[in-house]
Structures are given as C-alpha cells and as structure tokens.
Amino acid sequence: MASDKGFRAKFRDSDVAVTFRDLILLPGWTEVEPSQVEMSTQASLNHSINIPFISSPMDTVTESDMAISLARLGGLGVLHRNCTIEEEAEMARKVKRAESLIIKDVITISPSETVKYATELMQKHNISGLPVVQGEHLVGILTGRDVRFADPSLLTSDVMTKKVITAPADTDIEGAKEILHKHRVEKLPLIDKEGRLRGLMTIKDILLRGRFPNAARDEKGQLLCGAAVSPFDLKRAKKLSEFADILVIDVAHFHNANVFAATKKILEEVETDVIVGSIGTYSAAEDILTKLDGVAGFRVGIGSGSICTTMEATKAGSPTVYATAQVADAVRTYGSKLPIIADGGIRGPGDAAVALSLGASSVMMGNLFARSKEAPGTLITIGGRYYKQYRGMGSPSAMAKRLATDRYAQPSKGLPEGVEGWVPYKGEVSVVTQELVAGLQASMGYSGARTIHELWEKARLAGITNSGAEEARPHDVLLPSEHPDRV
Ligand code: XMP
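Residues numbered from 1 in each chain as written. Predicted model: local features only at pLDDT ≥ 70, side-chain atom pairs only at ≥ 80, totals over all residues. Heavy atoms only, no water.

**Student:** Quick rundown of the overall build of the protein chain? Include the residues and the values.
**Tutor:** Tallying secondary structure elements over the protein chain gives 19 helices and 20 strands in all. Expected size for 487 residues packed as a compact globule is a radius of gyration near 23 Å; at 25 Å, the protein chain falls within 12% of this value. Principal-axis analysis of the C-alpha atoms gives the protein chain an extent of 85 × 55 × 45 Å. Split into buried and exposed, the 487 residues of the protein chain put 49% on the buried side. Accessible surface for the protein chain amounts to roughly 24,000 Å². Of this, 52% is attributable to carbon and sulfur atoms. Computed over 57 positive and 60 negative side-chain charges, the inter-centroid distance for the protein chain is 2 Å. (Helix = DSSP H or I, 4+ residues; strand = E, 2+ residues; numbered from the N terminus. Rg over C-alpha atoms; globule rule 2.2 N^0.38 Å. Buried < 20%, exposed > 50% of the residue type's maximum accessible area, 1.4 Å probe, protein only. Areas by Shrake-Rupley, 256 points an atom, 1.4 Å probe, with all protein chains shown as cover. Lys, Arg positive; Asp, Glu negative; His and termini not counted. Charge placed at Lys NZ, Arg CZ, Asp CG, Glu CD.)

Written as structure tokens, this is what we have:
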C-alpha cells in the first residue's frame, strides 16, 4: 500500500507546483514611487545586505572578482567549491582583504629582510607598501617608491622611510582623512602608546568607502563574503569559516538523513552563519527547524535553474516559486526568523519580485550573473556577438573536476544533472544589478511595497495560462533582435 489513503490520493492531495512562468504580480494600491523603495534585507540570520541579490556558488559565476564587485554594489557572492580547500580559502581571503576600515592583520616586514623579498611580498599580496616592524614595534615604512630602483640585495632597513606618520589606535575615519591629507601620505599605521603596530588605514580604503556607500560590509568595514561547502567536508567548512561570513551547505537535496547528520557536525563546530539547502518542501523546512540547531537560513528551490536537468532526468524537483511559498509558511508557522534565499530560474527583476513576494528575503542567480565580466567563465564570440560560458555544477564538464561531485546523490554521479552552454555578455556586473534594481523597484512600486517585508504582506499574485504568458511578452511586432538584416 502506497499510503493509508491509497494511490489515487497521491493526485487528490497534490498541489500544482507553479513556476515563475505561471504567475503575475497584481498591481495594488500604492503610495510608493519606485525611487522610494528600500531594498535592504537579511542574507542570513546575522548578516544583512543592501540589495537582495546573491550570486550562485558555481565555477562559471562566483570567484573573488564577482564576490568583491557584488558586495560593493550591496549584494553577496557565494564562492564555488569546485576547487581545493586552499583555493577556495584564498578566494575568500582575497574578498575579505579587498578593503577594510582598519586592516588588523597587517602584512609587515622585518628590517633585516632584503628588498628582493619585500618586492615579492608586495606582489604576492597586491599591496603597495609594508610597515616595517621589529618584533611588534613599528620602525619604518617601505613603499613601492622606496624599492622601485633599489638594489634587490639591500636590506629593508637601508631603503625604508624611518620617519613614519602614525596615529593612535582609536583614530576614526575623519581623523585619518585629516592626517593623510595634511602629510600627503597614503598609508597610516596605527600604534599604541608603546609604539606597537595595532592596525593600518589606507587612503585606498577610505576612497572605496566613499565610492561604494551601498556596499555590504561586516562590522570591520570588510566586504561580506559567502562560501559554499559540502556537508561531508568538515575540514573545508572549518577552514572557510576563518574567512567567510556565511557558509552555504551546497547539496542538491538537503532533506536527506546523511546530509542532516553531517551538517549537524558542521553546525556544532563552526561559529559562522550556516545556510542550509537546497530544499523545496514544507516538511523539509519543518524537519530542519525541529531537528537542526544553529541554522542561519535556507536556500530554496530544486530543479528550476536554467542549466538544470534534474527534473528532466529524475522527475524530482520543487520549482523555486512553489518551494519558496512552502518554506516561508513553515518558517512562519514555527515563529522562526530564518531568511530564505530563493534560488534558480530567475530570468529578470519580475521573477525576483515574485520570489520575494512569496516570503524570500533574497534571490540567488547563476545565469544572469554569469553574463558579467567578473564571472570566471570564458568569453567567446558567436556570429559576431559576445557570450560567456555558463555551466551547471552537475554538468559533465564541471563534474569532471571531481571536486564537488557530492553535490549530487551518490548513485547519480554517473548521471549528469546539468548542461553547459553560453549566455550573452553584458559587461560589468554593475550593469546586471542596475537592471535588476530598477526593475524590482518598479515591481515593488506596482505592489505598493516600500520594503521587502511590506512586499510579503501586500503583494498579490495571479496565475496565467500559456496563452496569457504569450500576451505578456511583446507580440505582433517584428523586434530589432529578430530582424534578419539587423546590424
Ligand atoms: P539559474 O536559473 O540562475 O539557476 O541559472 C542557478 C541555480 O541552479 C542550481 N544549479 C544546478 N541545478 N543541476 C541542477 O539541477 C546543475 O548542474 C546545477 N548547477 C547549478 C543552483 O541552485 C544555482 O544556484
């Protein structure tokens, strides 16, 4: 017997697993202009972002360049894990070091090291100067200018600047600006009363703060960074938790006994926020909420991704729209505050608005972000147009690296669950996010929602038919993109 209600009940009790294409957002009474919309939201329990857009942990989407640019724009990048632990940790380190208000783990040099070594150190860390310390005490500063034409065998103490402009350890940004300007220097070592180095402020970081006022930063002023980990790789989770702010357990089907048991260990061992997923049903969320302590958010949606073949190959899946509503209801029922990331199948700001209106706090995208310069995929031309490579993490070529195969169930390792292809090139990721932000502001304006929380309460949705979906797109007009002679 299939269940005590019989086989026919499987249909009778079933929902329709609606998708983005089945729904529209109904316009509602509004007192909100798009420019008044406020988009800040929770990425995880303890970290907020300023735009609700997160890039997928995929090896043609998110490495450090994407994570840095997206965090500067107010979103979040989740680094992929199809690489060694050291490579992923290095990517996270790079994001965290990209900028900070006060650099605490300053890279320093001793006066007895050679100029050759100093030059190598600056190149390796891509920095333009090094405080010189004897033990903990600051004794000089070495900049690119000091070493540029110096004999590589000389010692740091021979070429360093000995009279260093410094400031007390508790100097604030305005105080630092004044000192840097007054003395026309670019780096300001912070020292305590005994002359020990306590930190470093740089003109570069101060300028970046002004240039990216909407950036998603931690309390130290460093950019927020997410990192994908396998539930079965405690070592990676521990290592990445040293750098990343948010860990994302990255499996295709989280609602699995072995995955639960392994994640439990990670939750016990790391302090960092841990987001779990992917899940797609009320009961998966319910099991997490009742059986796993210390979770910091959900990644939701199975099989909707533009490069997914999971549903086609296995018939198993939970489309992002349907999955989000399921999980959001469980979160409410249990009085939980855990934020939901709606992941997969988002083709533009309207889809993002639908996912957010169903209780998501943010949306995760691979396809749209893979189109940008910062994505690691290769750039190619097809028929005179630029495209970027984009592949599923379950595609044969991504699986061939064999570093993230446990994203998929053990027997399916031989079964591809993704494809590889190309997406149109858009330029810098800021171009992609500008379109998303403008579109989402307009959607929220139509719904009368000033914030994402208001969108949860106010947005109303309606289903549309296949013919309705046709009408919702441009029709009965030859578009320039379809014109055979277009330039
Ligand atoms: P989009 O629609 O933005 O979706 O391209 C990205 C999301 O798709 C998931 N993903 C996969 N799902 N097979 C799958 O079934 C795959 O090979 C695969 N690779 C990525 C993932 O959730 C991502 O965020």
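**Student:** How would you explain the site of the ligand if you had to name every residue and give the values?
**Tutor:** Close to the ligand lie 24 residues, the nearest being Thr310, Asp343, Tyr390, Gly394 and Glu417. Glycine 394 is positioned with one of its backbone polar atoms (N or O) 2.6 Å from an oxygen atom of the ligand. Across the complex, the protein chains shield 96% of the 520 Å² of accessible surface that the ligand would expose by itself. (Near = heavy atom within 4 Å. Polar contact = N/O pair within 3.5 Å; in protein donor to acceptor, adjacent residues only side chain to side chain.)

**Student:** Just give me the short version of the sheet that holds strand E13 (residues 273-279), but keep the residues and values in it.
**Tutor:** Strands sit in the order E4-E5-E11-E12-E13-E14-E15-E16 around a closed barrel of eight strands; the barrel is parallel. In this sheet, adjacent strand axes meet at a mean angle of 25° when their direction is disregarded. (Pairing = 2+ DSSP bridges. Axes fitted to C-alpha atoms, helices over the stretch in contact; angles between N-to-C directions.)

**Student:** Give a description of unusual backbone geometry that names residues and reports values.
**Tutor:** With an omega of 5°, the peptide bond between glycine 277 and serine 278 qualifies as cis. Along the chain, serine 278 falls in strand E13. The phi dihedral of aspartate 476 falls on the positive side, at around 55°, and the residue is not glycine. Tracing the chain through its elements places aspartate 476 in the segment after helix H19 (466-471).

**Student:** Which residues make up the nonpolar core, and what values do they have?
**Tutor:** Formed by 90 residues in total, the largest nonpolar core has its most connected members in Phe254, Phe298 and Phe369. Sorting elements by how many residues they give to this core places helix H13 (residues 320-333) first, with six residues. Not counting residues up to four positions away in its chain, the partners in contact with phenylalanine 254 are Ile249, Val259, Phe260, Thr263, Val276, Gly277, Ser278, Ile279, Ile288 and Leu292. (Core = buried A, V, L, I, M, F, W, Y, C linked by side-chain atoms within 4.5 Å. Contact = heavy atoms within 4.5 Å.)

**Student:** Could you give an account of the pairing of strand E11 (residues 226-229), naming the residues involved and the relevant values?
**Tutor:** Covered by surrounding structure in E11 are Gly226 and Ala228 together with Ala227 and Val229, the residues of both alternating faces. In the sheet, strand E5 (residues 76-79) pairs with E11 via two bridges, with the strands oriented parallel. Looking across to E11, one finds that valine 78 is bridged to glycine 226. Here E11 runs beside strand E12 (residues 246-249); their pairing, made up of four bridges, is parallel. In the sheet register, valine 229 faces E12, and the bridge partner there is isoleucine 249.

**Student:** Give a detailed account of the sheet that holds strand E8 (residues 167-168), specifying residues and quantitative values.
**Tutor:** Read across the sheet, three strands follow the order E8-E9-E10 without closing on themselves; strand pairing throughout is mixed. Strands at the two margins of the open sheet, each flanked by one partner only, are E8 and strand E10 (197-202). Sheet topology note: the E8/strand E9 (residues 187-191) ladder contains two bridges and is parallel. Considered in E9, the bridge of proline 168 is made with isoleucine 191.

**Student:** Report on helix H9 (residues 234-241), specifying residues and quantitative values.
**Tutor:** Of the residues making up H9, those classed as buried are Arg236, Ala237 and Leu240. Viewed along the axis of H9, the buried residues span an arc of 100°, placing them on a single side of the element. Contacts made by the buried residues of H9 are with helix H3 (85-97), E11, E12 and helix H10 (257-269). (Arc of directions from axis to C-beta.)

**Student:** Which residues make up the environment of alanine 398, and what values do they have?
**Tutor:** Following the sequence through the fold, alanine 398 ends up in helix H16 (residues 396-400). Sequence separation between alanine 398 and proline 416 is 18 residues; the distance between their C-alpha atoms is 9.7 Å.

**Student:** Summarise the pattern of salt bridges; cite the residues concerned and give the values.
**Tutor:** Under the counting rule described, the total for this entry stands at 29 salt bridges. Here aspartate 250 and arginine 81 are joined by a salt bridge, their closest N and O atoms 3.0 Å apart. Remark: arginine 81 occurs in the loop between E5 and H3 and aspartate 250 occurs in the loop between E12 and H10; sequence separation between them is 169 residues. The class of arginine 81 is buried, set by a relative accessible area of 3%. A salt bridge links arginine 198 to glutamate 136, with the nearest nitrogen and oxygen atoms 3.3 Å apart. In this pair, arginine 198 is assigned in strand E10 and glutamate 136 in the loop between strand E6 (129-134) and strand E7 (137-143), connecting sequence segments 62 residues apart. Residue glutamate 136 is classed as partly exposed on the basis of its relative accessible area of 44%. By sharing partners, the salt bridges in this structure join Arg81, Asp250, Arg299, Asp343, Asp406 and Arg407 into a single network. (Salt bridge = Lys/Arg side-chain N within 4 Å of Asp/Glu carboxyl O.)

**Student:** So what's going on with the packing of aromatic side chains? Which residues, and what values?
**Tutor:** In total, this model carries two aromatic pairs according to the counting rule given. With a centroid separation of 5.2 Å and an interplanar angle of 45°, the aromatic rings of phenylalanine 254 and phenylalanine 260 are classed as tilted. The same class applies to phenylalanine 254 as to phenylalanine 260, namely buried. (Phe/Tyr/Trp six-rings, centres within 6.5 Å; stacked < 30°, edge-to-face > 60°.)

**Student:** Report on the environment of arginine 450, specifying residues and quantitative values.
**Tutor:** With respect to the helices and strands, the residue arginine 450 is situated in the loop between helix H17 (429-447) and helix H18 (452-458). When the C-alpha positions of arginine 450 and glutamine 36 are compared, they lie 6.7 Å apart, and in sequence the two are 414 residues distant. Not counting chain neighbours up to four residues away, the residues in contact with arginine 450 comprise Glu31, Val32, Gln36, Val37, Glu38 and Met444.

**Student:** How would you sum up the packing of H3 against H9? Please name residues and give values.
**Tutor:** For the pair H3 and H9, the least separation of the axes is 9 Å and the interaxial angle reads 20°. Overall, the two elements H3 and H9 adopt an arrangement that is roughly parallel. The handedness of the crossing between H3 and H9 comes out as right-handed. Together, Ile85, Glu88, Ala89 and Ala92 of H3 and Lys235, Arg236, Lys239 and Leu240 of H9 make up the contact between the two elements. Among the residues forming the contact of H3 with H9, the class breakdown is four nonpolar, no polar and four charged. (Parallel < 35°, antiparallel > 145°, perpendicular 65-115°, else oblique. Left-handed = near helix turned anticlockwise from the far one by under 90°. Nonpolar A, V, L, I, M, F, W, Y, C, P; charged D, E, K, R; others polar.)

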